[in-house]
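# Topology and contacts: notes
Take a look at the letters that make up each chain.
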2 protein chains.
Amino acid sequence: MPSRLPTLEDVARVAGVSRATVSRVINGIRNVDPQLHEVVWNAVGETGYVPNRLARSLVTRRTGTVALIVSDSETHDDDPFMSRFFADPYFGRVVGGLMSVLRGNGVQLALQIVGTEEGRKRLVGDLRNGQADGAILLSLPPVDPLPRMVVEGGVQTVMIGRPAEPVPISYVDLANDTGAALAAEHLLGRGCRTIGMISGPADVPASNDRISGFRRSMARHGHAWFPLATGNFTRESGELAMRTLLAEHPDLDGVFVANDLMALGALLALRDAGRQVPGDVAMVGFDDSSAATAARPALTTIRHPLEDMAAEAATLLLARVDDADRPVSSVIYEPTLVVRQSA
Amino acid sequence: MPSRLPTLEDVARVAGVSRATVSRVINGIRNVDPQLHEVVWNAVGETGYVPNRLARSLVTRRTGTVALIVSDSETHDDDPFMSRFFADPYFGRVVGGLMSVLRGNGVQLALQIVGTEEGRKRLVGDLRNGQADGAILLSLPPVDPLPRMVVEGGVQTVMIGRPAEPVPISYVDLANDTGAALAAEHLLGRGCRTIGMISGPADVPASNDRISGFRRSMARHGHAWFPLATGNFTRESGELAMRTLLAEHPDLDGVFVANDLMALGALLALRDAGRQVPGDVAMVGFDDSSAATAARPALTTIRHPLEDMAAEAATLLLARVDDADRPVSSVIYEPTLVVRQSA
DNA sequence: ACACTCTCGGAAAGCGCTCTCCAACCCCCT
DNA sequence: AGGGGGTTGGAGAGCGCTTTCCGAGAGTGT
């Protein structure tokens, strides 16, 4: 552990030029004699110099970092929810999608979790102070003050999933309603007569959109009403919801489940009830997560190109970081139906 | 978007004191008149001042950030491997465990992925320069120069999983061999006569330990040899390995699968072959991931307390950051057997 | 040859913060 | 009343880097 790392000054001394010149060479600014150029690089190699990103950031006001903010309404340190969230492939897929773009641009990702009012304030403050060049926001709670806060704080931000309240913020989202409509039509096209739905919490935008898309499509085909049970996106809740649905509507022959994890649970409930899938009851899931292919029967599901969406969010953010005046924009991805065995 | 954020200077002016005094108050250093104390805090509130972490870090040499390094041997930008890795709950569980400790200490996590030689060099350089106070290292490739590099660079680091080569580095690991022995004994105790194993790649330390632990335990019970098939920890590979095993040893009545994901695949292969689990073939998995409870039959498996291990790694790292002279240490977690339906 | 433009390298001013000195002051003891 | 010890607040020197501003030297046209 050498006592001190070489600085620009050291390199300059070795190269026999001024700090400024070394800085120019390193940052690839022309106006430097090619010969000196080489001398400087040699000195850099000799000293083992590595620029100090902190010092550089302080003056350039650029950090080469974007923050991934996971906003939760009120998380306590030992809240099991967070561990549930991280264990869900959703989180990893988002990170993977983001990194696929960020890595190529030499940008690093800093993870920030924020739950309290106090935490949100500090976060926005830090962000404005150049803690990061911009932020990707994953907003979990149905209504979250954070999107508005970052916008008002002038922090470059792109959300994944649309904000619940109207806020002038860029975002990348999935056409959840179209996806649900796809599911409805597939079930209907298969000849199902009594089709139920297992939804997520109604106050979450994505979940709400899936319900309304399904409803609209069903209505168009003459099913103004359909059995609906609500879960919370966990497998257990899906199992429970399916039992409820089955108890109240024994004649059910089709079901749209708002995510694959709940579909997994629903599959179990159906099996326990002695119903064949897709023979007795056809099922369409949502997300095309790894759970869909792991299920037996493999799930027919709506593909949610999460990695692509996250990558797009990163691209959008990077563009905004480069050009702050870029107008707020949103990109909506169209989901597709993936037919497997369950419907 | 105000043109300029308030600085210490501004607060000092408003409060009518010097920069130094404001700094003292904000950092809670005593020796400040309580009355002035209040005046300063009021000024802070009035100006909406937030300390600039970058500037602070530059002088304190503390960033309040630890890096999570995912080291891969040779990743190209569009390598599908990485997306597979992120989609695996393993990654999220690690992040969740780390965050549970870091959050409480106001430390943020910066994600770094490194694949090339060039990238490793730059990473270590940045780390030494105080890009982060320390690093948590997730080393994927069987043999990775990075552990040695960080140690030699004097970067505080804790690995999750032991290094493949002997390097004086702190790490947190699971007693993989004990876990495998647990599985062997459970299968044996159940009365299985012909027990096979589906392992991961033999050059990965964790995988190797599971093989040797299983082998040792089997040998102790008179099974000097047992059928072994190798997979790569994916579900598909587990399915394939199971088919192979079954083809070569039709009398198999027990199998230990080195992770739950492969066990899931093995379960499918068994079903396709018309074997009942656990009736005809008993199965023990490894990890106690969400896949274990989602499987039917639910998997008897070895619990891998990954979140706790990650949390321990974070704790260890934080301690080393506070006291750089702390000796290198390692913590080994003992796995436990979770009995469900499959064995 | 002379004024003129251009190119190039160096000096130095910060970016926002911490922290070491040091001066000023108050209290108490003799 | 005078000196020692203990507080308290301010001035200022950096942390390592970028970048503006200038001056020196070189190249062009008349």
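The structure displayed is predicted, hence computed values, not measured ones.

Conventions we followed
- Residues numbered from 1 in each chain as written.
- Chains lettered and ligands numbered in written order.
- Predicted model: local features only at pLDDT ≥ 70, side-chain atom pairs only at ≥ 80, totals over all residues.
- Heavy atoms only, no water.
- Helix = DSSP H or I, 4+ residues; strand = E, 2+ residues; numbered from the N terminus.
- Rg over C-alpha atoms; globule rule 2.2 N^0.38 Å.
- Areas by Shrake-Rupley, 256 points an atom, 1.4 Å probe, with all protein chains shown as cover.
- Lys, Arg positive; Asp, Glu negative; His and termini not counted.
- Charge placed at Lys NZ, Arg CZ, Asp CG, Glu CD.
- Core = buried A, V, L, I, M, F, W, Y, C linked by side-chain atoms within 4.5 Å.
- Buried < 20%, exposed > 50% of the residue type's maximum accessible area, 1.4 Å probe, protein only.
- Contact = heavy atoms within 4.5 Å.
- Pairing = 2+ DSSP bridges.
- Right-handed = clockwise from strand over helix to strand, strands pointing away.
- Axes fitted to C-alpha atoms, helices over the stretch in contact; angles between N-to-C directions.
- Near = heavy atom within 4 Å.
- Polar contact = N/O pair within 3.5 Å; in protein donor to acceptor, adjacent residues only side chain to side chain.
- Nonpolar A, V, L, I, M, F, W, Y, C, P; charged D, E, K, R; others polar.

This brings us to the overall build of chain A. Helix and strand content of chain A: 14 helices and twelve strands. Relative to the compact-globule value of 20 Å for 343 residues, chain A shows a C-alpha radius of gyration of 26 Å, a clear excess of over 25%. In terms of principal-axis extent, the alpha carbons of chain A reach across some 85 × 40 × 35 Å. Just so you have it, chain A exposes about 14700 Å², and 50% of that area is on carbon and sulfur atoms. Of the charged side chains in chain A, 33 are positive and 40 negative, and the gap between their average positions amounts to 3 Å.

Turning our attention to the nonpolar core. With 150 residues, the main nonpolar core has A:Met242, A:Met283, B:Met242 and B:Met283 as its most contacted residues. Sequence-distant contacts of B:Met242, defined by excluding residues within four places in its chain, comprise B:Ile198, B:Leu252, B:Val255, B:Ala266, B:Ala269 and B:Leu270.

Here the focus is the pairing of strand β8 (residues 254-257) of chain B. Residue and element names in this part refer to chain B. The side-chain alternation of β8 yields two buried faces, one formed by Gly-254 and Phe-256 and the other by Val-255 and Val-257. Of the pairings in the sheet, the one linking strand β6 (residues 195-199) to β8 comprises four bridges and is parallel in character. Paired with Ile-198 across the bridge in β8 is Val-257. Judged from the three bridges that link them, β8 and strand β9 (residues 282-287) form a sheet pairing that is parallel. Residue Val-255 lies in a different strand from β9, and its bridge partner there is Met-283. Note on the crossover from β8 through helix α12 (residues 260-272) to β9: the handedness is right-handed.

What follows is about the sheet that holds strand β10 (residues 300-303) of chain A. Residue and element names in this part refer to chain A. The six strands lie next to each other as β7-β6-β8-β9-β10-β12, forming an open sheet whose pairing is mixed. The open sheet is flanked by β7 (228-230) and β12 (336-338), the only strands paired with a single partner. For this sheet, the mean inter-axis angle between neighbouring strands, taken without regard to orientation, is 20°. Along the sheet face, helix α9 (residues 176-189) touches β6 (195-199), β8 (254-257), β9 (282-287), β10 and β12 and points at about 165° away from the line of β9. The strands that helix α12 (residues 260-272) touches are β6, β8, β9 and β10; relative to β9, the one it contacts most, it runs at about 155°.

Around DNA strand D, the structure places 27 residues, and the nearest of them are A:Leu8, A:Tyr49, B:Thr21, B:Arg24 and B:Arg61. Considering DNA strand D, the proportion of its atoms within 4 Å of the protein that are sugar or phosphate atoms stands at 62%. A:Arg19 is positioned with one of its side-chain polar atoms (N or O) 3.3 Å from a base nitrogen of DNA strand D. With respect to DNA strand D, the backbone of B:Ser18 contributes an N or O atom lying 3.0 Å from a phosphate oxygen. The residue makeup of the surface near DNA strand D, split by class, is twelve nonpolar, eight polar and seven charged.

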